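Below are the chains, spelled out letter by letter.
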Amino acid sequence: MVENNKAVEIINLEKSYGSLKAVAGISFYVKKGQIFTLLGPNGAGKTTIIEILEGLKEKDAGKIKFFGETVAKISRKEKEEIGVLLQKNNYIEKIKVKEIIKMFSSFYKKSLSTADILKKIALEDKKDSFVEDISGGQQQRLSIGLALINDPKILYLDEPTTGLDPQARRKLWGLIKDLKKAGKTIFLTTHYMEEAEKLSDYVYIMDQGKIIADGSPEKLIDNLGQENVIVFEKTGFTDSAIDELRETYPGLKITESEISIYVKDLSHSLTELINWAGEKEIKIDNLKIRRPNLEDVFIELTGKGLRD
Amino acid sequence: MTILVLIFGGQIEENVTFRISIVSPEVEETNTVNSYPAIINTVFELIEASEESRWFQFYRKEENQSRSNFLQEERKKLEQGERELVLVIPEIEWGASAQLEIYRQPERQLSLIAADMITSIINELNKEINIAEGNISRDELINVSSREIAIMESESRSDFSFAEFLVPGIILFSFLISGLEIFVEKISSMRAREILKRYFATPLRAVEYFSGILGFIILLSITQVVLIYSWAKIFFDINLAIFRPEFIFYMLFSLIVSIALGFLLLSIVKNKESVTQAVIYPMAFLGGMFFEVSNLSGVISLVAKINPMYYLVNGMRDALGIYPSPTPVLLNILVPAIWLFGSIIISSYKFSWNPGGES
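Once a new chain begins, its residue numbering starts again from 1 and follows that chain's sequence as written. Key to labels: chains lettered from A, ligands numbered from 1, both in the order written. Per-residue local features of the predicted model are confined to residues with pLDDT of at least 70, and side-chain atom pairs are confined, for both listing and counting, to 80 or more; whole-chain, interface and lining totals are unaffected and use all residues.

Asker: Help me understand the overall build of chain A, please; the structure alone is not making it clear to me.
Answerer: Helix and strand assignments come from DSSP, with helices taken as H or I runs of at least 4 residues and strands as E runs of at least 2, each series counted from the N terminus. Counting its regular elements, chain A contains 11 helices and 14 strands. Residue burial is a threshold on neighbouring C-beta atoms within 10 Å of the residue's own C-beta, all placed from the backbone, with 20 or more meaning buried, 12 or fewer meaning exposed, and counts in between meaning partly exposed. Going through the 308 residues of chain A one by one, you find that 37% of them count as buried. In this description, a residue-residue contact is defined by the distance between C-beta atoms placed from the backbone, which must lie within 7 Å. Pairs at least 24 apart in sequence give 72% of the contacts found in chain A among residues at least 6 apart.

Asker: Would you take a moment to explain the pairing of strand 4 (residues 61-66) of chain A for this structure?
Answerer: On any regular strand, side chains alternate: one points to one face of the sheet, the next to the other face. Residue and element names in this part refer to chain A. Only strands that DSSP links by at least two bridges are regarded as paired with each other. Here strand 1 (residues 6-17) runs beside strand 4; their pairing, made up of five bridges, is antiparallel. Bridging across to strand 4, Val8 finds its partner in Phe66. Here strand 4 runs beside strand 5 (residues 69-71); their pairing, made up of three bridges, is antiparallel. Residue pairing across strands places Ile64 opposite Val71, the latter belonging to strand 5.

Asker: Help me understand helix 5 (residues 162-192) of chain B, please; the structure alone is not making it clear to me.
Answerer: All names here are of chain B. Residue count minus one, scaled by 1.5 Å, sets the expected span of a helix. For helix 5, built from 31 residues, the straight-helix expectation of 45 Å at 1.5 Å per residue is met to within 8% by its first-to-last C-alpha distance of 43 Å. The reported bend at a residue is simply the angle between two axes, fitted to the 7 residues ending at it and to the 7 residues beginning with it. At Glu181, helix 5 shows its strongest bend, of approximately 30°. Just past helix 5, the residue Glu194 takes up positive phi, approximately 65°.

Asker: Teacher, can you tell me more about the interface of chain A and chain B here?
Answerer: The parts lose accessible area when they come together, and the size of an interface is often stated as this lost area. The partner chain B presents 13 residues to the 17 residues of chain A that form the contact. When the residues that make up the side of chain A that touches chain B are grouped by side-chain class, the tally is eight nonpolar, three polar and six charged. Polar here means any residue outside two lists: the nonpolar Ala, Val, Leu, Ile, Met, Phe, Trp, Tyr, Cys and Pro, and the charged Asp, Glu, Lys and Arg; Gly therefore counts as polar.

Asker: Which parts of the structure should I look at to understand the sheet that holds strand 12 (residues 253-254) of chain A?
Answerer: One key point about sheets: their strands pair by backbone hydrogen bonds, in either a parallel or an antiparallel sense. Residue and element names in this part refer to chain A. Taking strand neighbours across the sheet as the criterion, the four strands line up as 12-13-11-14 in an open arrangement whose pairing is antiparallel. This sheet does not close on itself; its edge strands, each paired only once, are strand 12 and strand 14 (288-290). In this structure, strand 11 (residues 228-233) lies alongside strand 14, joined through three bridges in antiparallel fashion. Counterpart to Ile230 in the pairing with strand 14 is Ile289.

Asker: Help me understand the packing of helix 8 (residues 245-268) of chain B against helix 12 (residues 329-350) of chain B in this model?
Answerer: Describing two packed helices takes the angle between their axes plus the distance from one axis to the other. Residue and element names in this part refer to chain B. Note on geometry: axes are lines fitted to C-alpha atoms, helical ones only across the stretch in contact, with angles between N-to-C directions running from 0 to 180 degrees. Put simply, helix 8 and helix 12 touch, their axes get as near as 8 Å, and they point 35° apart. Between helix 8 and helix 12 lies a crossing of left-handed hand. Facing helix 8, whose interface residues are Phe253, Ile256, Val257, Ala260, Leu261, Phe263, Leu264, Ser267 and Ile268, helix 12 presents Pro336, Trp339, Leu340, Ser343, Ile344, Ile346, Ser347 and Lys350. Residue composition of the contact of helix 8 with helix 12, grouped by class: 13 nonpolar, three polar and one charged. Handedness of a helix crossing follows the sense of rotation of the near helix relative to the far helix, less than a right angle counterclockwise being left-handed and clockwise being right-handed.

Asker: What should I look at first to understand unusual backbone geometry in this one?
Answerer: Of note in this structure, Asp151 of chain A is not a glycine but carries a positive phi near 50°. Mapped onto the secondary structure, Asp151 of chain A falls in the loop between helix 5 (136-148) and strand 7 (154-158). On the basis of neighbour count, Asp151 of chain A is assigned to the partly exposed category, with 15 C-beta atoms found within 10 Å. One non-glycine residue with positive phi stands out, namely Asp237 of chain B, at about 55°. Residue Asp237 of chain B is classed as exposed on the basis of its 11 C-beta neighbours within 10 Å.

If you want it as structure tokens, here you go:
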């Protein structure tokens, strides 16, 4: 039953570039109809895995199962069933939106109509525009449209919102959620924890070619065992003050500019912190209270931030 | 034989062949021992039978062919570069003064050399006849007057046009630009911008994509040839038989070699723009596309001699009869073929459509 529910599965997948082990024996599967996310910093090995699953790279070792069928590599037959959004999406100059859709349609045995694609990505009014003349967000929507041309069983989206402004990013999230509602299986890589939290049904967190945690975003955050994070600026804190704080709050995390304290009892901890600062005559600037997120999970697991 | 050694010494390169037509009189005087035509024919027959025959290829009329037809055909061949010289022997009575006619192409070095050689042979022959007749003795050669068979040189193809010389070079240059610019500039840019990667994430195969590109280059090249020829025909009044099978063969061969060179560069070079410029122009200018480069010396000569374009343009001009190839036909095919196969072999190992190097 579980086997029938798997869209893609990899078992002990390995890939190296010279002496660098980009993917070190990773196993996981993606459930049909879910948004599955690989989260990790740049260089973690996410793109290598997704490109192996797109048929753009060959694995060194391990097994790939594509909708229950073991395949040595993703070939032409599997490519008919997958949709791809690469990290970089450039197109030839002087081609119109409708023309590039038609061109990509010709690469597949079966394809949706140009009108259908334009409707899905809400670019009907831009069909006669040159690709280079539409905005970055519209170009990214077009790229997703091109990934949908063959009505794929699974969509691979590699860092889909990198480089987009917040508004365009949210629009794209809406589109991805709509695709999930339409029954598509979506394999996403990102280094934005907010994106992973908002979109994912299941997350694998990667670092240095290995999986370091997995689960739903809620479960991963709950596993931290903390309910709140108190964040404030590091400016004005001496080393001895930080050492003193660390004794009181062992889970304290320090970045270049911020100090984060993970707490369960917010009111008690906050009162305690303000009193301590008053006694020490330390000014606490830009104090914020937030719920823990996947970045906190990553920091907890690796001791460094996703963007470090 | 003595005459030949006196004239040629050891100066002729081993691979040179002079293609000479001998147009003899209709009458059977050629068989008479005491006739000038017979003596001249005998001299050439002796040359044919001698060691020096490797330098010459003589053409004579068929038995049932008329002299005038033969002369007309051979003059045409001279115009087309298939002969270096046409020697017309008139009907000469013994003891009478006569003129031999030599047809040559003044723009072709080999034709000029052939004319000089034949003139020298006839001069030597004159001397020997005078000595044999007792008009002069060998000791008195310088002081005794002799009877001359005057030689009138007729220059054929005086309408030689530099425009015609340039047309094959320009066609070849357009192929080189298509091969290198499209492959190296456009495709490497598409590779660097991951456009190719996106294409190959679809079921489209690399072989299908590149077949399409090849088809485009072939169509583009046909258009270029038509435009170049039409332009030259309209504005420079050229007259070239571009549908000659040998020329069509050289055009196709040149196009394939240019594309293969493009693939080779695409496979081994990362920074394409500067390299393309650095390759195209030396290949064109040292390939003799726009001027004759066979007289270059030193390192530049060596660069020209390993340049496949040099052999291709020689072959094209030779095939059109514009200019005789300074290199043998075998080399005109062999050297570009070595580049072609070398490029294919290296490209098949090194080429990648993926900017990361993996394909």
